[in-house]
Amino acid sequence: MKNTPIHIFLAGDSTVADYGCRQHPMAGWGQMLPKFFDRHQVVVRNYAMCGRSSRTFIEEGRLARIEREIAQGDYLLIQFGHNDATIAKPQRYVEPKHDFGKFLRQYIETARRHEAIPVLVTPMQRRNFGADGRLIYDHGPYVEAMKAVAEAEHVALLDLSAVSGRLFDSFGASGTQRWFLQFGPDVSVNYPNGGADNTHFQEAGADKMAELLIGELEKSELPLKHYLTRFRLHRVWLAGDSTMADYGGDEEPMSGWGQQIGKYFDSRHIEIRNMAVCGKSSKSFIEERRLAEILHQIEPEDYLLIQFAHNDEKLHYEHPVEEFQGYLRQYIEGARAHYAFPVLVTPVERRHFDEAGNLKKTHEPYVQAMKDLAKELSVPCIDMNAATRQLYMELGPDESKKLFMNVELGEYPDYLDGHKDDTHFIESGADRIAQLFLEELRKTTLDLADAILDTEEGADGDD
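Residues numbered from 1 in each chain as written. Predicted model: local features only at pLDDT ≥ 70, side-chain atom pairs only at ≥ 80, totals over all residues. Heavy atoms only, no water.

A few words now on the overall build of the chain. A tally of helices and strands in the chain yields 14 helices and 15 strands. Computed over C-alpha atoms, the radius of gyration of the chain comes to 23 Å, within 12% of the 23 Å expected from 2.2 N^0.38 for 463 residues, which places it in the range of a compact globule. Counting only C-alpha atoms and orienting by the principal axes, one finds that the chain spans roughly 65 × 50 × 45 Å. The buried share of the chain, reckoned over its 463 residues, is 58%. Long-range contacts, defined as pairs at least 24 residues apart, comprise 74% of the intrachain contacts of the chain with a sequence gap of at least 6. Accessible surface, the chain: about 20000 Å² in total, of which carbon and sulfur atoms supply 48%. Within the chain, the 75 negative side-chain charges are centred at a point lying 3 Å from the centre of the 52 positive side-chain charges. (Helix = DSSP H or I, 4+ residues; strand = E, 2+ residues; numbered from the N terminus. Rg over C-alpha atoms; globule rule 2.2 N^0.38 Å. Buried < 20%, exposed > 50% of the residue type's maximum accessible area, 1.4 Å probe, protein only. Contact = heavy atoms within 4.5 Å. Areas by Shrake-Rupley, 256 points an atom, 1.4 Å probe, with all protein chains shown as cover. Lys, Arg positive; Asp, Glu negative; His and termini not counted. Charge placed at Lys NZ, Arg CZ, Asp CG, Glu CD.)

Further remarks concern the sheet that holds strand E14 (residues 381-382). Backbone hydrogen bonds are what pair the strands of a sheet, in a parallel or an antiparallel way. A sheet is described by the order of its strands in space; here 5 strands give the open sequence E11-E9-E12-E13-E14, paired in parallel fashion. The outermost strands of the open sheet, each flanked by one partner alone, are strand E11 (270-274) and E14. Two elements, strand E9 (residues 234-239) and strand E12 (residues 303-306), share 4 bridges in a ladder whose sense is parallel. Paired with Trp237 across the two strands is Leu304, which belongs to E12. (Pairing = 2+ DSSP bridges.)

Turning to the pairing of strand E13 (residues 341-345), a few remarks are in order. With 4 of its 5 residues buried, E13 lies for the most part within the structure. Bridge count between E12 and E13: 4 bridges; the pairing is parallel. Across the sheet, residue Ile306 finds its bridge partner in E13, namely Leu344. Handedness of the crossover is the feature at issue here: the chain leaves E12, passes through helix H10 (residues 320-337), returns alongside E13, and the resulting connection is right-handed. The pairing of E13 with E14 spans 2 bridges and is parallel. Bridge pairing in E14 places Leu344 opposite Cys381. Since E13 and E14 lie parallel, the crossover through helix H11 (residues 366-377) that links them has a hand, and here it is right-handed. (Right-handed = clockwise from strand over helix to strand, strands pointing away.)

Two numbers describe how helix H6 (residues 160-175) lies on helix H7 (residues 203-219): the axes approach to 10 Å, and their chain directions differ by 125 degrees. Taken together, the axes of H6 and H7 lie oblique to each other. For the crossing formed where H6 meets H7, the hand is right-handed. Residues Leu160, Val163, Ser164, Leu167 and Phe168 of H6 form the contact with H7, whose own contacting residues are Lys208, Met209, Leu212, Leu213 and Glu216. Of the residues assigned to the contact of H6 with H7, the class counts are 7 nonpolar, 1 polar and 2 charged. (Axes fitted to C-alpha atoms, helices over the stretch in contact; angles between N-to-C directions. Parallel < 35°, antiparallel > 145°, perpendicular 65-115°, else oblique. Left-handed = near helix turned anticlockwise from the far one by under 90°. Nonpolar A, V, L, I, M, F, W, Y, C, P; charged D, E, K, R; others polar.)

Let us now look at the side chain of Gln125. Inspection of the secondary structure assignment puts Gln125 in the loop between strand E5 (117-121) and helix H5 (140-153). Its relative accessible area of 1% is what places Gln125 among the buried residues. Among the polar contacts made by the side chain of Gln125, one reaches the main-chain amide nitrogen of Asp138 at a distance of 2.7 Å. When residues no more than four places from it in sequence are discounted, the contact partners of Gln125 are Leu135, Ile136, Tyr137, Asp138, Ser161, Ser164, Gly165, Phe168 and Phe180. (Polar contact = N/O pair within 3.5 Å; in protein donor to acceptor, adjacent residues only side chain to side chain.)

With that settled, consider the packing of aromatic side chains. Tallying each qualifying case throughout the model produces 19 aromatic pairs. Here Phe171 and Trp179 contribute two aromatic rings whose centre-to-centre distance is 4.9 Å and whose plane-to-plane angle is 65 degrees, an arrangement assigned as edge-to-face. Given a relative accessible area of 37%, Phe171 falls into the partly exposed group. Following the ring pairs from residue to residue traces out a cluster consisting of Phe168, Phe171, Trp179, Phe180 and Phe201. Against the face of Phe103 rests Lys102, its NZ or CZ located 5.1 Å from the ring centre. (Phe/Tyr/Trp six-rings, centres within 6.5 Å; stacked < 30°, edge-to-face > 60°. Lys NZ or Arg CZ within 6 Å of the ring centre and 35° of its normal.)

What follows covers the sheet that holds strand E1 (residues 6-11). Sheet architecture is open: 5 strands sit in the order E3-E1-E4-E5-E6, paired in parallel fashion. Of all strands in the sheet, those bounded by a partner on one side alone are strand E3 (42-46) and strand E6 (156-158). Strand-to-strand, the axes of this sheet are offset by a mean angle of 25 degrees, without reference to chain direction. As judged from the 5 bridges shared by E1 and E3, these two strands associate in the parallel manner. Paired with Ile6 across the strands is Val42, a residue of E3. Running over the sheet, helix H3 (residues 62-69) touches E1, E3 and strand E4 (75-78) and is turned about 175 degrees from E1.

It is worth spelling out the packing of helix H4 (residues 99-113) against H5 at this point. Orientation of H4 relative to H5, taken along the N-to-C sense of each, is 40 degrees, at an axis distance of 10 Å. What the angle tells us is that H4 and H5 run oblique. The interaxial crossing formed by H4 with H5 has right-handed handedness. Residues Phe100, Gly101, Leu104, Arg105, Ile108 and Arg112 of H4 form the contact with H5, whose participating residues are Tyr142, Ala145, Met146, Val149, Ala152 and Glu153. Residue classes in the contact of H4 with H5 are distributed as 8 nonpolar, 1 polar and 3 charged.

Following the criterion strictly, the structure yields 0 disulfides and no others. Cys21 provides the cysteine sulfur closest to Cys278, a residue in no disulfide bond, and the two sulfurs are 3.4 Å apart. (Disulfide = S-S within 2.5 Å.)

Within the largest apolar cluster, 46 residues are counted, with the highest numbers of intra-cluster contacts made by Phe265, Tyr392, Phe437 and Leu441. Of all the secondary structure elements, the ones that give two or more residues to this core are E9, E12, E13, helix H12 (384-400), strand E15 (425-426) and helix H13 (427-442). The element best represented in this core is H13, accounting for 7 residues. The contacts of Phe437, once residues within four sequence positions are left out, are Trp257, Ile261, Leu305, Val345, Ile382 and Met384. If you look at the next biggest cluster of nonpolar residues, it comprises 45 residues, including Ile8, Val44, Val121 and Leu217. (Core = buried A, V, L, I, M, F, W, Y, C linked by side-chain atoms within 4.5 Å.)

Following this line, the structure appears as C-alpha cells:
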C-alpha cells in the first residue's frame, strides 16, 4: 500500500457535490464518501459543482485545479451526464455520441499524465416513474458513451446508473421518496415550501448512492478497495453558528472549524454530523426545530457539541444570562434524555484588537454563563473562547488576520470584490481552530479524545 495518503479527486455535478448548512438536507454522494475510508489513509477532494457538464467543468478551469494537485497513485472519479443532456441550456449541452467521449478523454489523459488512476462513474438514475409504475431509465446515450470510452481506453467503470436503477425500481415511486428532496412544507427550515425534486438527494439518499458506489468498487479490481472500512461507533453532532458550520464549494474559501475536525478523528469510530448553521442563536436553532432534528436521530453514546453566543448577543435578551442558560438547558436535557453526551463549547473569540494591540473581549457575559451552567449541571465545558484568545494574542494583530476571511480583490472567484471579516474563518484558519479544539479536548476526560488520530496520522489525513 502507498505510504503517503491516497487522494480521491471527484469531478462531477450536483449529484456528487458537497453542500453547506444553507442547503441542508441536500447532499451529494461525494459528500458521504469519506466515511467509507480511513481518513489518515485516504483523503477525498470533492471538486464536483452544481450545474456543470463535462464541458463546462473544463472551461471553468476546474479540471485544471485538480491537475495542480493530483499525483502518482491518486484517483480521479469522473461522473457526468445530467447537465450534458440539457439541450434547453446550450451553454451546458454536450452531444453524446462524439463530443461527450472527447471531453471524458481529457479527464482520463489528465489523470494519466500525473500517473494517477482515472475511474469513470455512470450517472445515477432520476426518480422518474412511468404510468405503469416502472422506472424510466434516463441518460441512456451518455451511459453507453461512457462505457465505450472505458472499454477503448482501458479505464475502470463503476456503473452507478445500473445499480441505482435496479434499486429505485425495486422500491417504487413511493419507496424512493425518502431518498430525494421530496417532502412537504415545514419539514425543513431551508425549504419552507417543501421539496419536489426528483434529481437531488437528501442525506439518506446521498448516503445510499455512496453505498452503491462502494459496492461497485468492492466488485472491481481497483486497489483502492483495500482501503475501505465500515466501522462505526459514535456520531458527534454539532449545534452552533457560522463559526462552526459547513460551507459549500460556492463559498470557498470560507469554512467553520466544525467542517475541519472530521479528518482528525479515526473514521472507523467517529462520524461528524455538523448541524451548525449560519446566523443561528441558541434560541432560533430551537425555534426552527434544528435541535429537534438532531434529537430525532441522536443515539445513545453519541456526543452533542453545543457552541452559541455570537448571535445570541444580537437578540438583546432582557435577562441575557438566565435566558441564554435556559435555552442551553434544552440542549443538555435533550441529549441526556437520549443517553447521549452533551458538551458545552464556549464561543470562539472575534479578532478585535484596539489601537494599543490589546484583544477585546466580545462574548462576556455569555462565556461565564456557559461555564457556570456546565458546573451546575456537571457538563463538560471546552473553553474555546480562552484558547482562541490566547492564540490570537500570541500571533498578534497582523498574523492573526490570516486566520480570518480577509481576502484581496480577485483572489477568489466568489469574492471578486475582496472580503474583510474578523469573525469568520478562511479554510486554513478554520483548520487551525479545529486543531486548537482537539488540543483542548485532549485535556478532558471524555472518551471522545481517545479517537483523535495521532499527530502524524492526522497530518497524513489533512486535506
